[in-house]
Amino acid sequence: MQRLAAPAVGVVLIAANLRPSLMGVGPLLKDIQADTGLAPSLLGLLITMPVIAFGLISPLAAPLARRFGLERVLLASLVLLALGIVLRSLPGTPALFGGAALLGAAIAVGNVLVPALIRRDFAQHIGVMTSAFVTTLAGVAAVGAGLAVPLAAELGWRLSLSLWAVPAVVAAAWWALARTPRPQPLPAPAAAPGAARPGALWRSALAWQVSLFMGLQSLAFYVLVAWLPTLLRDAGVSAAAAGTYAFVYQVACLCGSLVAPLLAARAKDQRPHAFAASALSLLGFVGLAGQAPSMAWVVIGGLGSGACLALSLAFLSLRVHNASQTASLSGMAQSVGYSLAALGPVGFGLLHDASAGWQLPLVVMWVLIGLQCWLGLLAGRARRI
């Protein structure tokens, strides 16, 4: 177990940097709008810009890791993440959106390659390490959402967002000094027994089911990250309370992500887990359509969302044979999934503008998460690509 300590620390450090720079934006949208004058649809694009980068960059992560090695590429992504966070905080709309795109590209690499790292170094502990990865990811995301409003009140929204460059620099320093990058690259899928060539994944029904499940759960998650505080404030909730709701949502996501992969990895068939998690997410969205949304609906939706995220990441290892195939499936699933997810915040905002309310966009989300329930039953079957 001692030889796994360094890889485990590396996974946790990367996980701690993959969400907080994104989660702090939603609670500050009204402050950003007041300062920049951006329209609601463009504010939605600010949330969506990193997700668009996820979709575009994800297919490149596995080939880069095969050429340069997992560790080297992950180290480079941490450096780019810090640069993107700083750029986003500089004055000017181009810097705002350019930084969001750069940090999104950096996060995309971590999203894709950490499951491959877990599959390679923790083949006998996939459930435990996936739980540790997603729990850290969700836990620090909750901190990012919870600190956004108080930090912005003291420092201004630009400086409060730029602070998340510090943990990225710390993680990069650890990877550069404490964990020497391995010289050997990730083997090509064709060289690994039982692995399919990357192009074959795009013809696999199971790969598409995993990808679309990931996409719909991501779409639902980023819709709430972007619009939950605004939705609540329009319902009469104060800015401080709306920030608290956003924090509680992230904590609930953490709880769901902690338990789901531990249960799923022990089962041969994950269909009940995927359906139950999706149903909780759907129930949360249904509750938000009420006149005075209560904290209970936020908690229920967060539990379901966190569990869905953890399951979608676990599928990347459970539905394949080896680390190289995990990287390829991860690249496909996150490219397809986040391209779909990128439509969420912008589309949700446009539906709100068109209907002058939140009812229509919420009903559309009910339909999409219903589809996610069905895809979970398909992706959760005990099969491998």
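Residues numbered from 1 in each chain as written. Predicted model: local features only at pLDDT ≥ 70, side-chain atom pairs only at ≥ 80, totals over all residues. Heavy atoms only, no water.

Student: Describe the overall build of the protein chain, listing the residues and the values that go with them.
Tutor: Secondary structure summary: the protein chain contains 17 helices and zero strands in total. Relative to a compact globule of 385 residues, whose C-alpha radius of gyration would be 21 Å, the protein chain shows 19 Å and is just as compact. Dimensions along the principal axes, computed over C-alpha positions, put the protein chain at roughly 55 × 45 × 35 Å. Counting only residues that meet the buried cut, the protein chain has 57% of its 385 residues in that class. Taking all contacts inside the protein chain whose residues are at least 6 apart in sequence as the whole, residues at least 24 apart take part in 83%. Total accessible area computed for the protein chain in this model is approximately 14,100 Å², and 70% of it derives from carbon and sulfur atoms. Separation between the mean location of the 22 positive side-chain charges and that of the 8 negative ones in the protein chain comes to 20 Å. (Helix = DSSP H or I, 4+ residues; strand = E, 2+ residues; numbered from the N terminus. Rg over C-alpha atoms; globule rule 2.2 N^0.38 Å. Buried < 20%, exposed > 50% of the residue type's maximum accessible area, 1.4 Å probe, protein only. Contact = heavy atoms within 4.5 Å. Areas by Shrake-Rupley, 256 points an atom, 1.4 Å probe, with all protein chains shown as cover. Lys, Arg positive; Asp, Glu negative; His and termini not counted. Charge placed at Lys NZ, Arg CZ, Asp CG, Glu CD.)

Student: Describe helix H9 (residues 165-177), listing the residues and the values that go with them.
Tutor: When the terminal C-alpha atoms of H9 are compared, their 18 Å separation across 13 residues agrees well with the 18 Å that a helix rising 1.5 Å per residue should span. For H9, the complete set of buried residues consists of Ala165, Ala168, Ala171, Ala172 and Trp175. Considered in projection along H9, the buried side chains sweep an arc of 125 degrees and stay on one side of the axis. Of the residues in H9, the exposed ones pointing more than 90 degrees away from the buried face are Val166 and Leu177. (Expected span 1.5 Å × (residues − 1). Arc of directions from axis to C-beta.)

Student: Describe the nonpolar core, with residues and values.
Tutor: A general tendency of soluble globular proteins is for nonpolar side chains to be buried together. Grouped together as the largest cluster of nonpolar side chains are 117 residues, with contacts concentrated most on Leu113 and Phe133. No other element matches helix H11 (residues 205-234), which puts 18 residues into this core. Once residues lying within four places of it in the same chain are set aside, the contact partners of Leu113 are Ala61, Ala62, Ala65, Leu70, Val73 and Leu74. (Core = buried A, V, L, I, M, F, W, Y, C linked by side-chain atoms within 4.5 Å.)

Student: Just give me the short version of the side chain of Arg381, but keep the residues and values in it.
Tutor: In this fold, Arg381 is placed in the segment after helix H17 (359-379). No salt bridge is formed by the buried Arg381; the nearest opposite charge belongs to Asp269, separated by 7.6 Å. There is a polar contact of 2.9 Å between the side chain of Arg381 and the side chain of Gln209. Within the local environment of Arg381, its side chain forms a polar contact with the backbone oxygen of Leu378, the two atoms lying 2.9 Å apart. (Salt bridge = Lys/Arg side-chain N within 4 Å of Asp/Glu carboxyl O. Polar contact = N/O pair within 3.5 Å; in protein donor to acceptor, adjacent residues only side chain to side chain.)

Student: Help me get a handle on the packing of helix H6 (residues 93-121) against helix H15 (residues 323-341), residues and values and all.
Tutor: Taken N-terminus to C-terminus, the directions of H6 and H15 make an angle of 155 degrees; their axes are 8 Å apart at the nearest point. Classified by the interaxial angle, the pair formed by H6 and H15 is roughly antiparallel. Here H6 and H15 pass one another in a crossing that is right-handed. The residues of H15 that touch H6, namely those facing Asn111, Val112, Pro115, Ala116, Arg119 and Arg120, are Ala323, Thr326, Ala327, Ser330, Gly331, Gln334 and Tyr338. Looking at the contact of H6 with H15 residue by residue, the class counts come to six nonpolar, five polar and two charged. (Axes fitted to C-alpha atoms, helices over the stretch in contact; angles between N-to-C directions. Parallel < 35°, antiparallel > 145°, perpendicular 65-115°, else oblique. Left-handed = near helix turned anticlockwise from the far one by under 90°. Nonpolar A, V, L, I, M, F, W, Y, C, P; charged D, E, K, R; others polar.)

Student: How would you sum up the packing of aromatic side chains? Please name residues and give values.
Tutor: A complete count under the given rule lists eight aromatic pairs for this structure. Here Phe221 and Tyr222 contribute two aromatic rings whose centre-to-centre distance is 5.1 Å and whose plane-to-plane angle is 80 degrees, an arrangement assigned as edge-to-face. Both residues of the pair, Phe221 and Tyr222, count as buried. Clustering of aromatic rings is evident, with ring pairs tying together Phe54, Phe221, Tyr222 and Tyr249. (Phe/Tyr/Trp six-rings, centres within 6.5 Å; stacked < 30°, edge-to-face > 60°.)

Student: Report on H15, specifying residues and quantitative values.
Tutor: Think of an α-helix as 3.6 residues a turn; residues three or four steps apart then line up on the same face. If you check H15, its first and last C-alpha atoms are 25 Å apart, about what 19 residues at 1.5 Å a residue would give, namely 27 Å. Of all 19 residues in H15, 17 are buried, a share of seventy percent or more.

Student: So what's going on with a nonpolar patch on the surface? Residues and values would help.
Tutor: On the surface, Leu60, Leu64 and Phe68 cluster together to form a nonpolar patch covering roughly 260 Å² of accessible area. Along the chain, the position of Leu64 falls in helix H4 (residues 40-68). You can call Leu64 partly exposed: its relative accessible area is 36%. (Patch = residues over 30% accessible without salt bridge, like charges linked within 9 Å, V, L, I, M, F, W, Y side chains within 5 Å.)

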